[in-house]
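# Report on the structure
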Amino acid sequence: MKSFLYKNTKINYSDIGKGTAVVLLHGFLENLSMWEAFIPEFSKKHRVIALDLLGHGASESLGYIHTMEDQADMVHYVLHELKIRKAIFIGHSMGGYVALAFAELYPEYMKGLVLLNSTSRADSEERKINRDRAIMAVKQNYTAFVRMSIGNLFSEDNRERLEEIIENVRQEALKTSLQGIVAALEGMKIRKDREVILHFAPYPMLLILGKKDGVLNYEDNLDQIENTKVDLVTFPDGHMSHIENQDELKIVLMAFLKKIK
């Protein structure tokens, strides 16, 4: 692992391989360890940068709210320091929101975009209320909130089958500080709608959704790519395609990377 100081805040990242850069952005309550099964494959032909986002993993918190723009500016700083001028971005859930903010702020860096169990849309009013409830819940009982949140990310059919793996995911999630969790929830709550990027961006884009995703309703998320050139891949399971459908996802992502010169 390596680290930079960004605005007096430690940022943790890994940098492996050579070739076209691929930037991996994890989701809420995750860290760069979520990509462990993918980095060895990707780094055979690409330079793979995986980051711990602000307030997650071994990266420190910058403030009481981490907006998606704050996260994107931090990613930009890291890429600038690493002298990377263009990259393919793969973002899981909140990582997808960060990738979209980055695409809006720094379009010249974009070579391709994968939204993995993610959406270009802002939170609905109902979702915003749920974010506030989550903030209250995590302040009241941090461990219970994290444990329950992680369980809900997997489809019901997989919770027993993947019990051991889910426990490992929980242990990683419990490394996220209370401030990091609250700052991320506040930032996701106020994020902008960026559906316009899916309609007009000139680079290849891929949306990957889970049929039984309890976080992002499958049907609700299909129409954001109507009349766009965004490719769609659907898996039969929940919000954690990188675990629930790991082998199939690996094939899909490798094919996407391969077609971008």
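Residues numbered from 1 in each chain as written. Predicted model: local features only at pLDDT ≥ 70, side-chain atom pairs only at ≥ 80, totals over all residues. Heavy atoms only, no water.

### A word on helix H8 (residues 178–189)
- With 12 residues, H8 extends 17 Å from end C-alpha to end C-alpha; this agrees with the ideal 16 Å at 1.5 Å per step.
- With respect to burial, H8 is a largely interior element, 9 of its 12 residues being buried.
- Among all positions in H8, only Gly 180, Ile 181, Val 182, Ala 183, Ala 184, Leu 185, Gly 187, Met 188 and Lys 189 are buried.
- The inward-facing, buried residues of H8 contact helix H2 (68–81), helix H3 (94–105), helix H4 (125–140) and helix H5 (142–152). (Helix = DSSP H or I, 4+ residues; strand = E, 2+ residues; numbered from the N terminus. Expected span 1.5 Å × (residues − 1). Buried < 20%, exposed > 50% of the residue type's maximum accessible area, 1.4 Å probe, protein only. Contact = heavy atoms within 4.5 Å.)

### Some thoughts on the packing of H4 against H8
- Their axes nearest at 9 Å, the elements H4 and H8 cross at an angle of 170°. It follows that H4 is roughly antiparallel to H8 by the angle criterion. Mapping the contact onto sequence places Lys 128, Arg 131, Asp 132, Ala 134, Ile 135, Val 138 and Lys 139 in H4 and Leu 178, Ile 181, Val 182, Leu 185, Glu 186, Met 188 and Lys 189 in H8.
- Broken down by class, the residue content of the contact of H4 with H8 amounts to 8 nonpolar, no polar and 6 charged. (Axes fitted to C-alpha atoms, helices over the stretch in contact; angles between N-to-C directions. Parallel < 35°, antiparallel > 145°, perpendicular 65-115°, else oblique. Nonpolar A, V, L, I, M, F, W, Y, C, P; charged D, E, K, R; others polar.)

### Re the packing of H5 against helix H7 (residues 163–173)
- Taken N-terminus to C-terminus, the directions of H5 and H7 make an angle of 135°; their axes are 9 Å apart at the nearest point. With respect to each other, H5 and H7 are oriented oblique. The two elements H5 and H7 meet at a crossing, and its hand is right-handed. Contacts between H5 and H7 involve Tyr 142, Val 146, Arg 147, Ile 150 and Gly 151 from the former and Ile 166, Glu 167, Val 169, Arg 170, Gln 171 and Ala 173 from the latter.
- Partitioning the contact of H5 with H7 into residue classes produces 6 nonpolar, 2 polar and 3 charged. (Left-handed = near helix turned anticlockwise from the far one by under 90°.)

### Some remarks on a nonpolar patch on the surface
- A contiguous nonpolar surface patch, about 360 Å² in accessible area, is contributed by Tyr 64, Ile 65 and Ile 190.
- Mapping Ile 65 onto the fold places it in the loop between strand E4 (46–51) and H2. (Patch = residues over 30% accessible without salt bridge, like charges linked within 9 Å, V, L, I, M, F, W, Y side chains within 5 Å. Areas by Shrake-Rupley, 256 points an atom, 1.4 Å probe, with all protein chains shown as cover. Salt bridge = Lys/Arg side-chain N within 4 Å of Asp/Glu carboxyl O.)

### As for the pattern of salt bridges
- Considering all chains together, one arrives at 17 salt bridges under this definition.
- Across the pair Asp 223 and Arg 121 runs a salt bridge whose closest N-O atoms are separated by 3.1 Å. Of this pair, Asp 223 sits in the loop between helix H10 (218–222) and strand E8 (231–235) while Arg 121 sits in the loop between strand E6 (110–116) and H4, and the two are 102 residues apart along the sequence.
- Note on Arg 121: relative accessible area 22%, which makes it partly exposed.

### A look at the packing of aromatic side chains
- Here the structure, examined in full by the defined rule, presents 9 aromatic pairs.
- Seen in terms of ring centroids, Trp 35 and Phe 38 are 6.3 Å apart; in terms of plane orientation they differ by 75°. Their pairing is edge-to-face.
- A relative accessible area of 0% means that Trp 35 is categorised as buried.
- Through successive ring pairs, a cluster of aromatic residues spans Phe 4, Tyr 6, Tyr 13 and Tyr 77.
- The cationic tip of Arg 191 hangs over the ring face of Tyr 97; the distance from NZ or CZ to the ring centre is 3.7 Å.
- Over the face of the ring belonging to Phe 38 we find Lys 250, whose NZ or CZ atom lies 5.9 Å from the ring centre. (Phe/Tyr/Trp six-rings, centres within 6.5 Å; stacked < 30°, edge-to-face > 60°. Lys NZ or Arg CZ within 6 Å of the ring centre and 35° of its normal.)

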